[in-house]
Amino acid sequence: MSTEAILQALNERGVRYVVIGGVAAVAHGSAYLTDDTDICYQPTPENRERLAGYLADLHAWLRGGGPELPFVLDARTLRDSPVLTLVTDEGRFDVMDSVQGIGEYADVEAASQEMVVFGVPTRVLSVGALIASKRATRRVRDEAVAVELEALYAKLHGREPPRVKEPRRRPRPSRGRGRA
Amino acid sequence: MTLGQFAVAVGASPRWVLNALTRLRVPRRYDEPLARRLALAKTLHASAGFTLPSAWEAAGRILREADYFKDWQYESDDGLVTVRVGLPRFFTNYQVRLAVAHSSHAAPKRRGRAPSRRGSAAQRAWAYGIDVTLLDANLAETTDVRLRRLDSNRRVFERPREANREHRSDSPGPE
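Please read all numbers here as calculations on a predicted model, not as lab measurements. (Residues numbered from 1 in each chain as written. Chains lettered and ligands numbered in written order. Predicted model: local features only at pLDDT ≥ 70, side-chain atom pairs only at ≥ 80, totals over all residues. Heavy atoms only, no water.)

*Asks:* Is there a simple way to think about the overall build of chain B in this case?
*Replies:* Along the backbone of chain B there are 8 helices and 2 strands. Along the chain direction, N to C, the helices and strands of chain B fall in the order α-α-α-α-β-β-α-α-α-α. Against the globule reference of 16 Å for 175 residues, chain B gives a C-alpha radius of gyration of 25 Å, more extended than a compact globule. The principal-axis extents of the C-alpha atoms in chain B amount to approximately 75 × 45 × 35 Å. (Helix = DSSP H or I, 4+ residues; strand = E, 2+ residues; numbered from the N terminus. Rg over C-alpha atoms; globule rule 2.2 N^0.38 Å.)

Here it is as structure tokens:
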């Protein structure tokens, strides 16, 4: 189980991605203990092929999925599944093509910064964007991480973090009667 | 499963699920076998043009008889029509949706307004019970050191899990 191995392999294969989630928080200085490595990948056909090839080499399998059901992990599965939560030879590994609270890959890349990680330039989601993504989920377990990241932001930038406007929960627009 | 999780697993809106179950006269019990059958019926209904009741019947037959690791093929008696269902692909997509239903939609969400932002970020963190001095210690280290320590801590937590898995696989299953 090694973040170093995952990031180096992704870089060697030319996968275009941004490190997000707990690993990004730790890279910036958070004391958060995360269980999985999360990345947001560029959803182009070539990039999906490269990422799918790497995941196959890692013997990736869907977390919670049993061997009694088939699981085909290829570029098409990546295309059809915006989020994949996987267990691999290198531990838990989640891949997604967008981030809640930030947007599509282009927005995520714009909200990231380049850091040299294990000697390799790697794009990592910025602390401000991490706060926005954690706040957007409204999950109870992400609240503590967001509060810690805000304190980290203040230490790194010498000023209070900007207030994140949480998405308001509005009634969903009607899609007709959902006729079956 | 809640109705929301069930609908995510099926790949439909909750309203579609409720209407479909009513039309098929199936009791509302939001469990995995029903989600699997309804998801396959929805695929046959949407992609192959089956009516929903005949898609439901076909889904039941496929799930009973087919080898899930191979494509399922049905040919009409006169040989004019052949329907092929890529079951490995269907089960892949279904399992991904089921995993999303179990992970994202199961985590408890904060209700009500966002907590107030009185005081500085550091004060709020202390009030929340977060040891802010750990941040100072972490910031004194390089990124590589922080990430290597994360990996090392993960391995410590992974050991009991592995032991638990081995224990479960060694123990005899229910009779």
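There is more to say after this.
*Asks:* Please clarify how the pairing of strand β1 (residues 72–75) of chain B should be interpreted in this entry.
*Replies:* Working note: regular strand, side chains alternate between the two faces of the sheet. Across 4 bridges, the pairing between β1 of chain B and strand β2 (residues 82–85) of chain B is antiparallel. Bridge pairing in β2 of chain B links W72 of chain B to V85 of chain B. (Pairing = 2+ DSSP bridges.)

*Asks:* What should I look at first to understand helix α1 (residues 3–10) of chain B in this one?
*Replies:* Q5, F6, A7, A9 and V10 of chain B are the residues of α1 of chain B that are buried. Two residues or fewer after α1 of chain B comes G11 of chain B, characterised by a positive phi angle close to 85°. (Buried < 20%, exposed > 50% of the residue type's maximum accessible area, 1.4 Å probe, protein only.)

*Asks:* Could you clarify how one ought to interpret helix α7 (residues 140–157) of chain A in this entry?
*Replies:* Helical periodicity: at 3.6 residues per turn, an α-helix aligns residues three or four positions apart in one direction. Along its 18 residues, α7 of chain A runs 26 Å from first to last C-alpha, staying within 8% of the 26 Å computed at 1.5 Å per residue. Along α7 of chain A, the residues classified as buried are D142, E143, V145, A146, V147, E148, L149, E150, A151, L152, Y153 and A154 of chain A. As for α7 of chain A, its buried residues are in contact with α2 (21–28) and α6 (127–137) of chain A together with α6 (121–128) and α7 (133–139) of chain B. Looking one or two places after α7 of chain A, you find G158 of chain A, whose phi comes out positive at around 70°. (Expected span 1.5 Å × (residues − 1). Contact = heavy atoms within 4.5 Å.)

*Asks:* Looking at this model, I keep getting lost on the packing of α6 of chain A against α7 of chain A. Mind explaining?
*Replies:* When two helices pack together, their arrangement is given by the angle between the helix axes and the distance between those axes. All names here are of chain A. Relative orientation of the contacting elements α6 and α7 amounts to 160°, with a least axis distance of 9 Å. Here α6 is positioned roughly antiparallel relative to α7, judged by the angle of their axes. Seen along the crossing, α6 lies across α7 with a hand that is left-handed. Facing V127, G128, L130, I131, K134, R135 and T137 of α6, the residues of α7 in contact are D142, E143, V145, A146, V147, L149, E150, L152, Y153 and L156. Looking at the contact of α6 with α7, its residues break down into 10 nonpolar, 2 polar and 5 charged. (Axes fitted to C-alpha atoms, helices over the stretch in contact; angles between N-to-C directions. Parallel < 35°, antiparallel > 145°, perpendicular 65-115°, else oblique. Left-handed = near helix turned anticlockwise from the far one by under 90°. Nonpolar A, V, L, I, M, F, W, Y, C, P; charged D, E, K, R; others polar.)

*Asks:* Any chance you could explain a nonpolar patch on the surface here in plain terms?
*Replies:* Among the surface-exposed residues, L33 of chain A together with V156 and F157 of chain B lie close enough to one another that they form a single nonpolar patch of about 270 Å² accessible area. Within the secondary structure, V156 of chain B is located in helix α8 (residues 143–170). (Patch = residues over 30% accessible without salt bridge, like charges linked within 9 Å, V, L, I, M, F, W, Y side chains within 5 Å. Areas by Shrake-Rupley, 256 points an atom, 1.4 Å probe, with all protein chains shown as cover. Salt bridge = Lys/Arg side-chain N within 4 Å of Asp/Glu carboxyl O.)

*Asks:* What am I meant to see in unusual backbone geometry here?
*Replies:* With the exception of glycine, the majority of residues adopt a negative phi angle, and the majority of peptide bonds are in the trans configuration. Residues and elements named next belong to chain A. Here the phi dihedral of F118 falls at roughly 50°; this positive angle occurs in a residue that is not glycine. Along the chain, the position of F118 falls in the loop between β8 (112–117) and β9 (120–125). Judged by relative accessible area, which is 8%, F118 ranks as buried.

*Asks:* How should the interface of chain A and chain B be read in this particular structure?
*Replies:* Accessible area lost upon the coming together of the parts is a frequently used measure of interface size. Counting from both sides, the interface comprises 65 residues of chain A and, opposite them, 56 residues of chain B. Counting across the chain A and chain B interface gives 5 salt bridges. In this structure, E150 of chain A engages R124 of chain B in a salt bridge whose closest nitrogen and oxygen atoms are separated by 3.3 Å. Across the chain A-chain B interface, the total number found is 17 residue pairs in polar contact (both at pLDDT 80 or more). Breaking the side of chain A that touches chain B down by element, the ones donating at least two residues are α1 (3–12), α2, β2 (36–41), α4 (75–80), β4 (83–88), β8 and α7 of chain A. Looking at the side of chain A that touches chain B, the element that brings in the most residues is α7 of chain A, giving 11 residues. Within the side of chain A that touches chain B, the residues separate by chemical class into 29 nonpolar, 16 polar and 20 charged. (Polar contact = N/O pair within 3.5 Å; in protein donor to acceptor, adjacent residues only side chain to side chain.)

*Asks:* Explain the side chain of R154 of chain B here, please?
*Replies:* Among the structural elements, R154 of chain B can be located in helix α8. For R154 of chain B, a relative accessible area of 2% translates into the label buried. At 3.1 Å, the side chain of R154 of chain B and the backbone oxygen of T34 of chain A are in polar contact.

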